[in-house]
Amino acid sequence: TFKKPEKITVPDCYRLKASAGYVPDEELIKDVQYLLMNGHNLILVGPTGSGKTELAYLLMESLYPFNWASYDVNASPYMEEELFELSDFNANDGQSILLGPLCQTAVDTKEVNCSLGIVVNEWNTMKDETRRLFYAPLSARHRYYRIQHTKKRDHIKPIDFSHVLF
């Protein structure tokens, strides 16, 4: 068991909810909680329908009392390139780069001082170039994602993923 830290308000939009009828082995939950609370990324492998996503959701839900937030990335060919950064255009400034949902989530949760668990569904369906975007946030040393500069040569501050596990 872990000591509960001082309560932080985690935004509701960063809370995944497990299905009510899902009941995994309690020892498994404790073992995996231990790994996550000690900074280990986790990969759940198994056949379709075996409960990997439900287990991940339940794990994230079980960590909320310890000031964890969660976010689900359900990979698809239509959105995966926009996880980290988005292109925007307006007539006055031309094209610029905005934070994608994954970077915005990292910024938001860092601001409220909570840990973040990212559930990545269907990792195997991502394109290789999309998987490469995860290399820096998944690394042991350089846990930052560097966003390309905008047309006006402004630089967006690198996004800190030091509080994030996948």
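Everything quoted here is computed from the prediction, not taken from an experiment.

**With respect to the environment of valine 107**
Part 1 of the argument: You can see valine 107 is positioned in helix α3 (residues 101–111).
Part 2 of the argument: Classification of valine 107 as partly exposed rests on a relative accessible area of 23%.
Part 3 of the argument: Between the C-alpha atom of valine 107 and that of aspartate 160, which follows or precedes it by 53 residues, the distance is 7.2 Å.
Part 4 of the argument: Sequence-distant contacts of valine 107, that is, excluding residues within four places in its chain, are made with Leu99 and Ile159.

**Thoughts on the nonpolar core**
Part 1 of the argument: Ranked by size, the top nonpolar core spans 23 residues in total, and within it Phe84, Leu102, Ile118 and Phe161 carry the most contacts.
Part 2 of the argument: Residue assignment for this core shows that the elements contributing at least two residues are β1 (68–74), α3 and β4 (115–121).
Part 3 of the argument: When neighbours within four sequence positions are excluded, leucine 102 is seen to be in contact with Tyr71, Val73, Leu83, Phe84, Ile118, Phe134 and Phe161.

**A word on the sheet that holds β1**
Part 1 of the argument: Strand order in the open sheet made by the three strands is β1-β4-β7, with parallel pairing throughout. Single-partner strands in this sheet number two, and they are β1 and β7 (164–165).
Part 2 of the argument: Alignment of β4 against β7, held across two bridges, turns out to be parallel. Bridge pairing in β7 places leucine 116 opposite valine 164.
Part 3 of the argument: Sitting on the sheet, α3 is in contact with β1, β4 and β7, with an inclination near 180° to β1.

**Notes on the packing of aromatic side chains**
Two numbers describe a pair of aromatic rings. These are the distance of the centres and the angle of the planes.
Part 1 of the argument: Under the definition given, this model contains six aromatic pairs.
Part 2 of the argument: Arranged with centres 6.3 Å apart and planes meeting at 50°, the rings of phenylalanine 84 and phenylalanine 161 form a pair that is tilted. Here phenylalanine 84 is found in the loop between β1 and β2 (85–90), whereas its partner phenylalanine 161 is found in the loop between β6 (159–160) and β7, with 77 residues between them in sequence. Residues phenylalanine 84 and phenylalanine 161 agree in their burial class; the two are buried.
Part 3 of the argument: An aromatic cluster is built from Phe84, Trp123, Phe134, Tyr145, Phe161 and Phe166, whose rings are joined through pairwise contacts.

Definitions and cut-offs
Residues numbered from 1 in each chain as written. Predicted model: local features only at pLDDT ≥ 70, side-chain atom pairs only at ≥ 80, totals over all residues. Heavy atoms only, no water. Helix = DSSP H or I, 4+ residues; strand = E, 2+ residues; numbered from the N terminus. Buried < 20%, exposed > 50% of the residue type's maximum accessible area, 1.4 Å probe, protein only. Contact = heavy atoms within 4.5 Å. Core = buried A, V, L, I, M, F, W, Y, C linked by side-chain atoms within 4.5 Å. Pairing = 2+ DSSP bridges. Axes fitted to C-alpha atoms, helices over the stretch in contact; angles between N-to-C directions. Phe/Tyr/Trp six-rings, centres within 6.5 Å; stacked < 30°, edge-to-face > 60°.

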